[in-house]
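Structural characterization, general
This is what each chain is made of:
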Amino acid sequence: MNKFQKSVSALNRVGEKTSSQLKKIGITTVRDLLQHYPFRYEDYSQILSIEEFKTKKRGTIKVKVNLIANRRSNRKKMTLTEAIVSDNSGSLQVLWFNQGFLAKNIKPGQQIYLAGTIDDSNHGLQLINPSYEICYSGQAPLHTGRLVPIYSTTSRLTQKQIRFLVSQSLKAIWPLSDWLPSEIKKEYQLIELKTALQQIHFPQNLKTMKQARQRLKFNELFLLQFKNQLLRQRMKKEKAPLIKFQLTETQKLIQSLPFKLTDDQKKASWEIIKDLEKGTKMNRLLEGDVGSGKTIAIVIAILNVVLNGYQVSYMAPTGILAQQQFQNISQLLKKIKIKIGLLTSSKTLINDLSAKKNKEITKNKLYNQIEKGELQIIIGTHSLIEPGKKKKSKKLTFQNLGLIVVDEQHRFGVKQRQNLSKLSNQNNLSPHFLSLTATPIPRSIALTLYSNLDLSVIKEMPAKRKKIITEIVTPEKEKETYQFIKKEIKKGRQAFVICPLIEKSLKSTILLESKNESKSVNEEYKKLSQKIFPQLKVDFIHGKMKEKEKEEIMQNFTSGQTNLLIATTVLEVGIDIPNASLMLIKGAEHFGLAQLHQLRGRVGRGSHQSYCFLFTDNESPKTKKRLSALLKAKDGFELAQKDLELRGPGEILSIKQSGFSNFLKIAEWSDTKLIQETKAAVKKSIKKYPRLTNLIKKDLQESVHLE
Ligand code: ADP
Ligand code: MG
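Described below are features of the structure shown in this document. Each chain carries its own residue numbering, running from 1 in the direction its sequence is written. Whichever chain is written first becomes A and whichever ligand is written first becomes 1, with later ones labelled in order. Given that the model is predicted, a residue must reach a pLDDT of at least 70 before its local features are reported, and side-chain atom pairs must reach 80 or more before they are shown or counted; all residues, however, enter totals for whole chains, interfaces and linings. Calculation of side-chain values draws on the structure's entire complement of heavy atoms; hydrogens and water are dropped beforehand.

**Quick notes on the overall build of the protein**
- Secondary structure elements follow DSSP: runs of H or I of four or more residues count as helices, runs of E of two or more count as strands, with numbering from the N terminus. Along the protein, the regular secondary structure elements total 23 helices and 26 strands.
- Buried residues are those whose accessible area, probed at 1.4 Å on protein chains only, stays under 20% of the maximum for their type, while exposed residues exceed 50% and partly exposed ones sit between those limits. Relative to its full complement of 707 residues, the protein shows a buried share of 53%.
- Counting contacts in the protein only where the partners sit at least 6 residues apart, residues at least 24 apart contribute 72% of the total.
- Each accessible area value is a Shrake-Rupley result obtained with a 1.4 Å probe; residue values ignore everything except the protein chains displayed when judging cover. When the accessible surface of the protein is split by element, carbon and sulfur atoms take 50% of a total near 34,200 Å². Note on definitions: a residue-residue contact is assigned when non-hydrogen atoms from the two residues lie within 4.5 Å.

**Details of the pairing of strand 24 (residues 564–567)**
- By the alternation rule, side chains of strand 24 split into Leu564 and Ile566 and Leu565 and Ala567, which are all buried.
- Across four bridges, strand 22 (residues 494–498) lies against strand 24 in parallel orientation. Considered in strand 24, the bridge of Phe496 is made with Leu565.
- Relative to strand 24, strand 23 (residues 538–541) is paired through four bridges, and the arrangement is parallel. In the sheet register, Val538 faces strand 24, and the bridge partner there is Leu564.
- We call a crossover right-handed when, viewed with the strands running away from us, the connection from the first strand over the helix to the second turns clockwise. With helix 18 (residues 547–558) bridging strand 23 and the parallel strand 24, this β-α-β connection has right-handed handedness. If DSSP finds at least two bridges between two strands, the strands pair.

**Considering the site of ligand 1**
- For this description, a residue counts as near a given molecule or strand if any of its non-hydrogen atoms is within 4 Å of it. Around ligand 1 sit 16 residues in total, of which Lys260, Gly291, Lys294, Thr295 and Arg465 are the nearest.
- Between ligand 1 and Thr295 there is a distance of 2.7 Å, counted from an oxygen atom to a side-chain nitrogen or oxygen.
- Taking 570 Å² as the accessible area of ligand 1 by itself, protein coverage stands at 81%.
- When residues are grouped by polarity, Ala, Val, Leu, Ile, Met, Phe, Trp, Tyr, Cys and Pro land in nonpolar, Asp, Glu, Lys and Arg in charged, and all others, Gly among them, in polar. Among the residues making up the shell around ligand 1, the classes are represented as four nonpolar, six polar and six charged. Pairs of N or O atoms are called polar contacts if they sit within 3.5 Å, as long as, within protein, a hydrogen donor faces a hydrogen acceptor (for residues adjacent in sequence, only side-chain-to-side-chain pairs).

**Some details on the sheet that holds strand 20 (residues 454–458)**
- Pairing within the open sheet is mixed, and its nine strands lie in the order 14-13-12-15-11-17-19-10-20. Lying at the two open borders of the sheet, with one neighbouring strand each, are strand 14 (357–360) and strand 20. Across the sheet, the mean angle from the axis of one strand to that of its neighbour is 15°, orientation sign disregarded.
- Throughout, an axis means a line fitted to C-alpha atoms (over the contacting stretch in the case of helices), and angles, computed between N-to-C directions, take values from 0 to 180 degrees. Contacting strand 10 (283–288), strand 11 (311–315), strand 15 (377–380), strand 17 (401–406), strand 19 (432–437) and strand 20, helix 11 (residues 294–307) crosses the sheet at an angle of about 155° to strand 11.

**Focus on the environment of Ile441**
- Position of Ile441 relative to the elements: it lies in the loop between strand 19 and helix 15 (443–449).
- In this structure the C-alpha to C-alpha distance between Ile441 and Gly636, which are 195 residues apart in sequence, comes to 8.6 Å.

**A short note on the pattern of salt bridges**
- The term salt bridge refers to a pairing of a side-chain nitrogen on Lys or Arg with a carboxyl oxygen on Asp or Glu at a separation within 4 Å. Counted according to the given criterion, the structure contains 23 salt bridges.
- When the shortest N-O distance is used, the salt bridge between Glu42 and Arg40 registers 3.4 Å. Taken as a pair, Glu42 and Arg40 share a single burial class, namely buried.
- Lys347 is the salt-bridge partner of Glu551, the closest N and O atoms lying 3.9 Å from each other. Of this pair, Glu551 sits in helix 18 while Lys347 sits in the loop between strand 12 (339–343) and strand 13 (348–352), and the two are 204 residues apart along the sequence.
- Accessibility expressed as a relative area gives 8% for Glu551, which makes it buried.
- Ionic contacts of the salt-bridge type, sharing partners, join the residues Lys267, Glu271, Asp275, Lys278 and Arg284 into one network.

**Here's the deal with helix 16 (residues 478–490)**
- With 13 residues, helix 16 extends 18 Å between its outermost C-alpha atoms, agreeing within 8% with the 18 Å of an ideal straight helix rising 1.5 Å per residue.
- Every buried residue of helix 16 is accounted for by Thr481, Tyr482, Ile485, Glu488 and Ile489. Considered in projection along helix 16, the buried side chains sweep an arc of 120° and stay on one side of the axis. For helix 16, exposure combined with an orientation more than 90 degrees from the buried face picks out Lys479, Glu480, Lys487 and Lys490.
- Buried residues in helix 16 make contact with strand 21 (469–473), strand 22, helix 17 (521–532), strand 24, strand 25 (580–585) and strand 26 (611–615).
- One or two positions beyond helix 16, positive phi appears at Gly492, with a value near 110°. Multiplying 1.5 Å by the helix residue count minus one yields the expected span of that helix. The arc in question is the one spanned by the directions pointing from the helix axis to the C-beta atoms.

**Describing the packing of helix 19 (residues 593–600) against helix 20 (residues 621–632)**
- Axis separation between helix 19 and helix 20 bottoms out at 10 Å; the angle between their running directions is 40°. Compared by their axis directions, helix 19 and helix 20 come out oblique. Seen from above, helix 19 lies across helix 20 with right-handed handedness. Residues Leu593, Leu596, His597 and Arg600 of helix 19 form the contact with helix 20, whose own contacting residues are Arg626, Leu627, Ala629 and Leu630.
- Residues belonging to the contact of helix 19 with helix 20 are distributed by class as follows: five nonpolar, one polar and two charged. Should an angle fall under 35 degrees it is called roughly parallel, over 145 degrees roughly antiparallel, and 65 to 115 degrees roughly perpendicular, with every other angle called oblique. For a crossing to be left-handed, the near helix must be turned anticlockwise from the far one by less than a right angle; the clockwise case is right-handed.

**With respect to the packing of aromatic side chains**
- Put simply, two rings from Phe, Tyr or Trp (the six-membered ring, in Trp's case) pair if the centres are within 6.5 Å, and we call them stacked under 30 degrees between planes, edge-to-face over 60, tilted for the rest. The tally for this structure, following the rule as stated, stands at 13 aromatic pairs.
- For the pair Tyr188 and Phe218, a centre-to-centre distance of 5.2 Å together with 45° between the ring planes defines the contact as tilted. Pair noted here: Tyr188 is in the loop between helix 6 (182–187) and helix 7 (193–201) and Phe218 is in helix 8 (residues 206–235), with a separation of 30 residues, a long-range link. With respect to burial, Tyr188 and Phe218 carry one shared label: buried.
- Both rings, one in Tyr611 and one in Phe613, keep their centres 6.1 Å apart while their planes meet at 5°; by these two values the pair is stacked.
- For Tyr611, a relative accessible area of 14% corresponds to the buried category.

In structure tokens:
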């Protein structure tokens, strides 16, 4: 077995609990760990004496522990661990909150590293909650005294644990041969793969970290495009159902709509229909801003596939969206006599359009109907492609699958997308494939990144949409804004409130993070329901809730029973509730521009004037500039461009994902130069390096994954 495929549970100190936590952040193998790149680094590389530390206030010290002991704080009911440490230059008091185990782990007389920032606010000079690490001779520190990597994680998995596991993984893959031909490395001045993996996690300095990023970005973009080229060649040969265009029925559908299709919608549907008529496999991406009306464009395709006697499978990223699209599509296709099914983790339904009946059935029965071809359209979440947990549960098999649609495709992982292509089918044709995304990647870049797909773009928004009025709300303007919201709700409108967090965790894993407190759903719920809007019906929703609970909450909101819904970004995609015209985003500076734009797209779908309020107490000019872009930009495409301009190359210590290219682990679509370079490199390599081509072919077939 490939070293990279080794399970994390084979590593030291990974038991069941840790591996299930790792799984939550998508890590099951050594490869996943190594590709869990830090999203920023804390610069503790300067090792100072205590005296220097007292003036510089920030860095790492190497000290001897004189005293360490726990004490209960009566007032706040927590454990305080106090220590006195010293070196040749002086001594210092250290304090940790609620980490009583430290008094056991650290012993008087020991040499330790401490990294953090000195707080001189209260009782003289004190070092509060520093990271610590015991010095062992001959061993470089991992958590202090260096550029310390900070990873995204869950609340139960500490930064220290991840670093420890990553460092084990790095050892587990030695020796490592580099698959990239040395000529290419030379031409593009790239460092060795093994150095890159080492330096991305534990960089010696900023320079080596940048070199590592460059190499790994190159890898990612090079492999992506290489594979896309090979896939494209293969796909052109795959036989797929030949779908004859049904003119009359299609016209009937279009005439039944309460609006006129936009030119872009017509063009996109036409491109899809042309593909379906070819008899070879369609693989198309439909890109269109939020609210641009992608649904109807694909329903036209779905109608044609169904009328040709083939089945359709439609996958959405969440149960809420699947349910919404189940209702939408049933409504749009109500004139034709077919059966549509819904399958989420909490619900299985069948809608018999000829009998106008909606009924719950068991999953097994639903699968039976799909297998026998009695059901034409199945709409669901990833439950569709995941095998059931029960032993006896049936595997989903289609009688005659003709088209797979994946909505908001960027929300699905690579594995899930791979599973999709394995959906079993009794006809021996490959189903057509259509994916939808609201990610506004400029066309030229989309064509490169998704070079295995054909692309349709809906740019134009439906006419008569009122522009959403967007405002930045600073703390002074809050009161006035709440008054306005109250008035709008009295008129019958509804509001969303989006928060960056579910709850504020006391023991933040990222110590010493900015003082700016992030807003949490729980806190906002308390504040809004009790203090600000006590007369209104306020509710909240977040991703950790059970599917059923979430559906109920959404149902109450859709039906208008709830006035104001507080949520995390679970609301981000696709929700279509025309009566909701107010969007409040708390801690707006924590979101990327793309995400803010998507969130704003949840309102402005009905005939009412809609508003988006960006709450922020961060007054830095940069935040202001970023948020103002949202006030001016005409659409997601323009915003994407703006985002690209605003993020300069200077931001190396905090490498936040922009949110536009979630499927890329390290490269970003804004790396335009590198995208062009890798494109050229792939073109050259396909002919020039047959061994590499074979390796990548093998990778595609067996998913051995090159790094
Ligand atoms: P998205 O592209 O975000 O998936 P939807 O397909 O959900 O957008 O469409 C958003 C809303 O716009 C829906 O309520 C839909 O009925 C409406 N809509 C779609 N096309 C048009 C159009 N051409 N004119 C007016 N409204 C439209
Ligand atoms: Mg949609």
